[in-house]
Amino acid sequence: MAVVVVESPAKAKTINKYLGSDYTVLASFGHVRDLPPKDGSVDTDNDFEMKWEVASDSKKHMKAITDALADDDTLILATDPDREGEAISWHLQEALEKKLKGKNVSRVTFNAITKSAILEAMKHPRQVDAPLVQAYLARRALDYLVGFNLSPVLWRKLPGAKSAGRVQSVCLRLIVEREMEIEAFKAREYWSVAAKLLTPRGQEFEARLAVLGGKKLEKYDLANETAAEMAVQAVSSRDLSVTSVEAKPASRNPYPPFMTSTLQQEASRKFGMGAKAAMSAAQRLYEAGHITYMRTDGIDMAPEAVTAAREAIKDKFGAKYVPDSPRIYKNKAKNAQEAHECIRPTEMAKSPDQLKLADDQFKLYDLIWKRTIASQMEAARFERTTVLIGSDDKQVELRATGSVVTFDGFLKVYDQGRDDDEGEDANRLPQIAQGEALSPAKASFEEAFTKAKGDEDAVIEADGGALRRCPAAIIDGHGAVLGAQHFTQPPPRYTEATLVKRMEELGIGRPSTYASIVTTIQDRGYVRKDKNRLIPEDTGRLVTAFLSNYFKRYVEYDFTADLEDQLDDISAGDRDYKEVLARFWRDFSAALAETSELRITEVLDKIDEVLGPHIYPPRPDGSDPRVCPLCGKGQLHLKTARSGGAFIGCGNYPECRYTRPLSAPDGDDDLQALDGKVLGYDDDQPITLRVGRFGPYVQKGEPTEDVPKPPRASLPKGWKPEEIDLEKALMLLSLPREIGPHPEDGELVEASIGRYGPYVKHGRVYANIPDVDEVFTIGMNRAVEVLAQKAAKGGRGAAATPIKELGEHPDGGPVQVMPGRYGPYVKWGKVNATLPSGIEPEAVTMEEALPLIAVKAAKKGGAKKKAAPKKAAAKKPAAKKPAAKKTAAKKPAAKKAPTKKAAEKDE
């Protein structure tokens, strides 16, 4: 039988159904070799020779393949149809080189795991694509050279930094620069004026002021309340009529089918699904044969798929939804070798409700199916109407726009989500005719005005009562004309969707890398995700500032995009990959050498200077933003802690202990003004309120040589620093609070506040309580109840109660019968021996327990015996050798592993 190798057991299982008994289908479980994480894995002095190492987990899978080849001369490499898939095939061929002598080795690819696609691929075998492999080698070598050489520089020069990467650092820069844009943003005030009007038939609609005083209004022309008031007065004091009605037909074409980046973006918009989660669900759909390959830059669709889509549209929605000719989408991929077909269902007729899928897979398949079907449907048709309303003196003109869908077309199935408000006007206008007089729709804006003013006392009537004003709105006497205050908004933080979109626009990364890049910067602690928005952490800011100053070229967008283009040229066979590596390494190694003499203080001073405008914003009083607000003498400086966190501290330390976070919250100066406030005295020691870089806390006394760290207690969540008094401070400093001995065992029960909130503690059992204030009032009855609930749930730290105590083991230590998740067992030290079925745990004796413990301990190599004699310990090495041989002898059983376990390819 021919041996077919794919990446995962799920894929192997699906393919095996189609190929039948003439083939043995095995899984490699992703890459079988990688560069070992040590110096010299890419030898820059020896023509970039790369030293590969077979992963320990991969050896059993490799053996399964070689064992299968013992009885067959044909190996078919059927890994994924992209650069990574080609690389896995190449690694397999290289690693099995000695075993493949005289064997027939070929490579096949298919874009979908369907019977027809697989059988067709088997008819067209080829050899491993050398240029595509070389592009992989170049990319892998570049990532290694940057990561392995730049990361140690970060560790030495920037405490707390974890790693840097060729693309991840550029991606991080995007997020940090967006945050800096937001922080530097200055809101600009402007006003708009709208009127609610009635047609002669009593139908209401809204129009916005577009011309005032005969001049077209631009966005910022109504710059303040005075200008807005004049505009509201001008509109409300004039008779208005319809001067123009213009209706134009318009149409909207459907979106192209998905490629990797657009699928990730839409999954994020519609489901809040991260790039990694989306690709994981897509991988499972592909391996099950439901969709085509999910890593692609292509948007074209196979002719037979187009035909099937058009037939499905006709069957489900009718002939009027099928365009006269098929829609053809032009491929956008820069690299034709990776420009596979779009991501689409393998069977167009299979709607989502016909498949039994897990929730995340169902959502994604539903999305892919709808987008694919919609891409071949008729355009949506609209009628866009623009109505102009003016006064007889031409001084005032208002505009109303709306659109009516006359044929839904592809919108019947699918409409793309939006990252942010795109200002699309879909209002439907009533019947309006030119020349008709319009009247104010009285009181129609009252609700909007009430919402804007909030407090009724804030309303001010203009002279004569014609207008009413509040700080954010102006309304006329009829309640039909409203002037509303607005402020420009900063650019929004990136979501995973908008970040992937921006990376794609800049040409940074490729389909197989987007998910891993976005995941890595979060895993490194450089970026956090909050309400689906990506926010840089302080460490991420420092890393970006460091790289932008000392390795500027390597975090430039154009440089990174150009390098991606060079890698594409390699895969197309148009460049030599070692020349690309040599050119990169020559300049990069020089940049590394320039940082060798840098001192940490020098680096921090430079970053402090670069980030200065953002971390020391101008003060309202015009004073020096770097002067310490607490002592008024010291200069503020950037500092780093051993933990890697960054903060701003006073240079007059230790006399002044002012600190604040790097990204200081609004009102920080107000909070710092409370730092050092004396709340009172206890035992002649001052009780003070302090503000540290981790937040406010109370402290008793001052540091001395004998007591360098006086008693402190952080303010719990919800306690406002300005409301803290001596009584509350002493309550916090008295924690933990003793409640009393537990009624069952007499062990002390305590209440306190920890990292995860308020809790009660009994022995090893910690049980959270909902209210901070309850820490100071909780009694024994309530504490016992909370602890019992936690123990019943088996929460972390909850110690199980023994069923029976058997006494002391001959070698020392108690022997107990314990309840377990999978049944009762005997426990001695770290040895847990399951009780055989049929034995009642309450009836077990020490004589019955000891043999069970001995058997279990022997299986563990005797390592668990507490009082084992030295002689026995000396024999351990000899005891291990037969065990190792025994394990090795059993390895052929690993051939079954590919059908049992799934593993995703590491991108």
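Rules used throughout
- Residues numbered from 1 in each chain as written.
- Predicted model: local features only at pLDDT ≥ 70, side-chain atom pairs only at ≥ 80, totals over all residues.
- Heavy atoms only, no water.
- Helix = DSSP H or I, 4+ residues; strand = E, 2+ residues; numbered from the N terminus.
- Buried < 20%, exposed > 50% of the residue type's maximum accessible area, 1.4 Å probe, protein only.
- Contact = heavy atoms within 4.5 Å.
- Areas by Shrake-Rupley, 256 points an atom, 1.4 Å probe, with all protein chains shown as cover.
- Pairing = 2+ DSSP bridges.
- Right-handed = clockwise from strand over helix to strand, strands pointing away.
- Disulfide = S-S within 2.5 Å.
- Phe/Tyr/Trp six-rings, centres within 6.5 Å; stacked < 30°, edge-to-face > 60°.
- Salt bridge = Lys/Arg side-chain N within 4 Å of Asp/Glu carboxyl O.

Draft legend 1. Examining the overall build of the protein chain more closely. Tallying secondary structure elements over the protein chain gives 25 helices and 36 strands in all. Within the span of the protein chain, comprising 907 residues, buried residues form 47% of the whole. Partitioning the contacts of the protein chain with sequence separation of at least 6, the portion at a separation of at least 24 is 65%. Carbon and sulfur atoms make up 49% of the accessible area of the protein chain, which totals about 46200 Å².

Draft legend 2. Main features of the pairing of strand β2 (residues 23-27). Bridging between strand β1 (residues 2-6) and β2 involves five bridges; their strand directions are parallel. In the sheet register, V4 faces β2, and the bridge partner there is V25. One crossover worth recording links β1 to the parallel β2 by way of helix α1 (residues 9-19), and it is right-handed.

Draft legend 3. Looking closely at the state of the cysteines. Going through the model one piece at a time under the given rule, you end up with zero disulfides. Cysteine C628 is unpaired, with the sulfur of C656 as its nearest cysteine sulfur at 3.6 Å. The thiol sulfur of C631 is not disulfide-bonded, and the nearest other cysteine sulfur, from C650, lies at 3.8 Å.

Draft legend 4. Spatial organisation of the environment of A55. Note that A55 resides in the loop between β6 (53-54) and α2 (59-69). Distance in space between the C-alpha atoms of A55 and R33 is 5.7 Å, their sequence separation being 22 residues.

Draft legend 5. Geometry of the packing of aromatic side chains. Enumeration according to the criterion identifies 20 aromatic pairs in this entry. Here the aromatic rings of W52 and Y136 are separated by 6.2 Å at their centres, their planes lie at 20 degrees, and the arrangement is stacked. Linking W52 in the loop between β5 (49-50) and β6 with Y136 in helix α5 (residues 130-157), this pair joins segments that are 84 residues apart in sequence. Residue class for Y136 comes out buried when judged on its relative accessible area of 4%. Ring geometry for Y286 versus Y293: centroids 5.1 Å apart, planes at 70 degrees, classification edge-to-face.

Draft legend 6. Focus on the pattern of salt bridges. Counted according to the given criterion, the structure contains 44 salt bridges. As a salt-bridge pair, E183 and R541 come within 2.3 Å of each other at their nearest N and O atoms. Of the two residues, E183 sits in helix α6 (residues 168-184) while R541 sits in helix α15 (residues 538-550), which places them 358 residues apart along the sequence. Linked through salt bridges whose partners overlap, the residues forming this network are R139, D143, R166 and E564.

Draft legend 7. View of the pairing of strand β34 (residues 814-818). With four of its five residues buried, β34 lies for the most part within the structure. Bridging between strand β33 (residues 804-808) and β34 involves four bridges; their strand directions are antiparallel. Bridge pairing links E808 to P814 in β34. Count of turn residues in the β33/β34 antiparallel hairpin: five residues, of which G812 carries a positive phi of about 100 degrees. The pairing of β34 with strand β35 (residues 825-828) spans four bridges and is antiparallel.

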